[in-house]
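So the chains spell out like this:
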Amino acid sequence: MVTWRPARRERGAAAVEFALVVPLLLTLVFGIISYGYLLSFRQSLSQAAAEGARASTRRARTTPTS
């Protein structure tokens, strides 16, 4: 069985490529996570506004007028 061994110059090539690619991948992953957090926050804010409007209209209906 023949084992393949990279040349001396190529041994660090994988580490260099990894070092160049990892920041890009991490930026992409954390960008996706932060975008998801932003969408979740926006949805919560919209839901809170709708609930506040609903509560104010219900309170206006049930308040006795003098």
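In this text the structure is predicted, and so the values were computed from the model without any measurement.

Colleague: Which residues make up the overall build of the chain, and what values go with them?
Modeller: Along its length, the chain carries one helix and zero strands. With 66 residues in all, the chain has 0% of them scored as buried. In the form shown here, the chain has an accessible surface area of approximately 6800 Å², with 65% of it arising from carbon and sulfur atoms.

Colleague: Break down a nonpolar patch on the surface for me, with residues and values.
Modeller: Taken together, Val16, Leu20, Val21, Leu25, Leu28 and Ile32 make up a surface patch of nonpolar side chains, about 590 Å² in accessible area. By the element assignment, Leu25 lies in helix 1 (residues 13–62).

Rules of the game
Residues numbered from 1 in each chain as written. Predicted model: local features only at pLDDT ≥ 70, side-chain atom pairs only at ≥ 80, totals over all residues. Heavy atoms only, no water. Helix = DSSP H or I, 4+ residues; strand = E, 2+ residues; numbered from the N terminus. Buried < 20%, exposed > 50% of the residue type's maximum accessible area, 1.4 Å probe, protein only. Areas by Shrake-Rupley, 256 points an atom, 1.4 Å probe, with all protein chains shown as cover. Patch = residues over 30% accessible without salt bridge, like charges linked within 9 Å, V, L, I, M, F, W, Y side chains within 5 Å. Salt bridge = Lys/Arg side-chain N within 4 Å of Asp/Glu carboxyl O.

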